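Letter by letter, the chains look like this.
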Amino acid sequence: MTDRTPIADDPWLTAMLPFVRSQLPEPPAHIVEVGCGSLGGFVPALAAAGYDAIGVDPEAPAGPLFRTVTFEEYADDQPADAVVASLSLHHVDDVSEVLDLVAGRLAPPGLIVVLEWASERFDEATAQWCFARLSAQTGSGEPGHGHPDDHGHPDDPGAHEHHAWLHHLAEGWRESGQPWDAYFRAWTEEAGLHPGHVVLDALQQRFDTLELHEGPYFFTDLDATRDDELAAIQAGQIRPACLQFVGRLR
């Protein structure tokens, strides 16, 4: 164990932990989190609940619960009972390669629990709704969706301590003078983000779908609650940008 708290003080992790925990086999199952980020993702909470949990990420915290390598470099003699990937698959170099590795490292019946950003759903109406509710907090990082980088692109699952990415995006769009679709498409291409449908297609080629939900994604970076975002989705004002996928090894 490390001296970390059972879960980081992070609104995304706090909001999504009940869903993740409800999908996993009972402790002491061996759980591997792909792309746990600098906060360690769900790993500390799972370890505190009795799981044999390991987080894999080049930016993972120090300690015995974590491996500071990419998943492609990760070696483990013990097959995983389940793999968790929270907002990390849209940033890997090759989704198919990573999911082939996941499938090869799962012990049958093998579960995968995925939370993903469907960036292609971030249309202008959704962007305007978000930008009108930007949190007063700013910082050099971005949401639990990715490792902070020089451009503020979402790539650190579980790093919601800074909320600058949407501010940077709104400012960049205003300064560009471009239509939203053109600006955002160029932004995602520069960041090398895989759209949600690409990730989902790759998952469904390798795993049987047990659950598939869509819902709020941006609330932790806004002056809005999850219920506020859900209500806007249900009213047709914005699009649901979070995919929640649970699959079983085919």
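Residues numbered from 1 in each chain as written. Predicted model: local features only at pLDDT ≥ 70, side-chain atom pairs only at ≥ 80, totals over all residues. Heavy atoms only, no water.

Asks: Can you walk me through helix α5 (residues 164–176) in this structure?
Replies: At 3.6 residues per turn, the α-helix brings residues three or four places apart onto the same side. With 13 residues, α5 should cover 18 Å at 1.5 Å per step; its first-to-last C-alpha distance of 18 Å lies within 8% of that length. Residues of α5 that are buried include every one of A164, W165, L166, H167, L169, A170, G172 and W173, and no others. Positive backbone phi, approximately 70°, marks G177, located one or two places after α5. (Helix = DSSP H or I, 4+ residues; strand = E, 2+ residues; numbered from the N terminus. Expected span 1.5 Å × (residues − 1). Buried < 20%, exposed > 50% of the residue type's maximum accessible area, 1.4 Å probe, protein only.)

Asks: For this particular structure, what's the right way to read the packing of α5 against helix α6 (residues 180–191)?
Replies: The description of two packed helices rests on the angle between their axes and on the distance between the axes. Between α5 and α6, whose axes approach to 10 Å, the crossing angle comes to 125°. By the criterion of interaxial angle, the relationship of α5 to α6 is oblique. Crossing of α5 against α6: the hand is right-handed. Of α6, the residues touching α5 (which contributes W165, H168, L169, G172, W173 and S176) are W180, Y183, F184 and W187. Of the residues that constitute the contact of α5 with α6, the class distribution is seven nonpolar, three polar and no charged. (Axes fitted to C-alpha atoms, helices over the stretch in contact; angles between N-to-C directions. Parallel < 35°, antiparallel > 145°, perpendicular 65-115°, else oblique. Left-handed = near helix turned anticlockwise from the far one by under 90°. Contact = heavy atoms within 4.5 Å. Nonpolar A, V, L, I, M, F, W, Y, C, P; charged D, E, K, R; others polar.)

Asks: It is not clear to me how the side chain of H194 should be interpreted in this structure. Could you clarify?
Replies: Its location among the elements puts H194 in the loop between α6 and α7 (196–206). Of note is the side chain of H194, whose polar atom sits 2.6 Å from the backbone oxygen of V92. If we skip the residues at most four places from it in the chain, H194 touches L89, H90, H91, V92, D93, D94, V95, S119 and V199. (Polar contact = N/O pair within 3.5 Å; in protein donor to acceptor, adjacent residues only side chain to side chain.)

Asks: Honestly, unusual backbone geometry in this entry has me stumped. Any pointers?
Replies: The general pattern is negative phi for most residues beyond glycine and trans for most peptide bonds. Here the amide bond leading from P27 into P28 is cis, since omega sits at 10°, within 30 degrees of zero. Along the chain, P28 turns up in the loop between α1 (11–23) and β1 (30–34). Cis geometry is adopted by the peptide bond preceding P109, which originates at P108 and carries an omega value of 5°. By secondary structure assignment, the location of P109 is in strand β5 (residues 106–117). For L87, which is not a glycine, the phi torsion comes out positive at approximately 55°. Relative to the helices and strands, L87 resides in the loop between β4 (80–86) and α3 (95–105). With relative accessibility at 0%, the residue L87 sits in the buried group.

Asks: Please clarify how a negative patch on the surface should be interpreted in this entry.
Replies: On the surface, E72, E73, D93, D94 and E97 cluster together into a patch of negative charge. In this fold, D94 is placed in the loop between β4 and α3. (Patch = residues over 30% accessible without salt bridge, like charges linked within 9 Å, V, L, I, M, F, W, Y side chains within 5 Å. Areas by Shrake-Rupley, 256 points an atom, 1.4 Å probe, with all protein chains shown as cover. Salt bridge = Lys/Arg side-chain N within 4 Å of Asp/Glu carboxyl O. Lys, Arg positive; Asp, Glu negative; His and termini not counted. Charge placed at Lys NZ, Arg CZ, Asp CG, Glu CD.)

Asks: Looking at this structure, how should I read the environment of Q205?
Replies: For Q205, the location among the structural elements is in helix α7. Judged by relative accessible area, Q205 falls into the exposed class, the value being 55%. The sequence separation of Q205 and R250 amounts to 45 residues, and the corresponding C-alpha distance is 8.7 Å.

Asks: Just checking my understanding: could you explain the packing of helix α4 (residues 124–131) against α5 for this structure?
Replies: The geometry of α4 relative to α5 is characterised by a closest axis approach of 11 Å and an angle of 115° between their N-to-C directions. Crossing geometry of α4 relative to α5 is assigned as left-handed. Contacts between α4 and α5 involve E124, Q128 and F131 from the first element and L166, L169, A170 and W173 from the second. Here the contact of α4 with α5 is built from residues that sort into five nonpolar, one polar and one charged.

Asks: Before we go on, may I ask you to explain the nonpolar core in this structure?
Replies: One broad rule of soluble globular proteins: the nonpolar side chains tend to lie buried together. One finds W117, F122, F131, L169 and F218 to be the most contacted residues of the largest nonpolar core, which totals 55 residues. For this core, the element with the most residues is α1, which contributes six residues. In this structure, F122 is in contact with W117, A127, C130, F131, L166, L169, W180, F184 and F218, ignoring residues within four places of it in sequence. V32, I54, I112 and L249 belong to the second-largest nonpolar core, a separate cluster that totals 25 residues. (Core = buried A, V, L, I, M, F, W, Y, C linked by side-chain atoms within 4.5 Å.)

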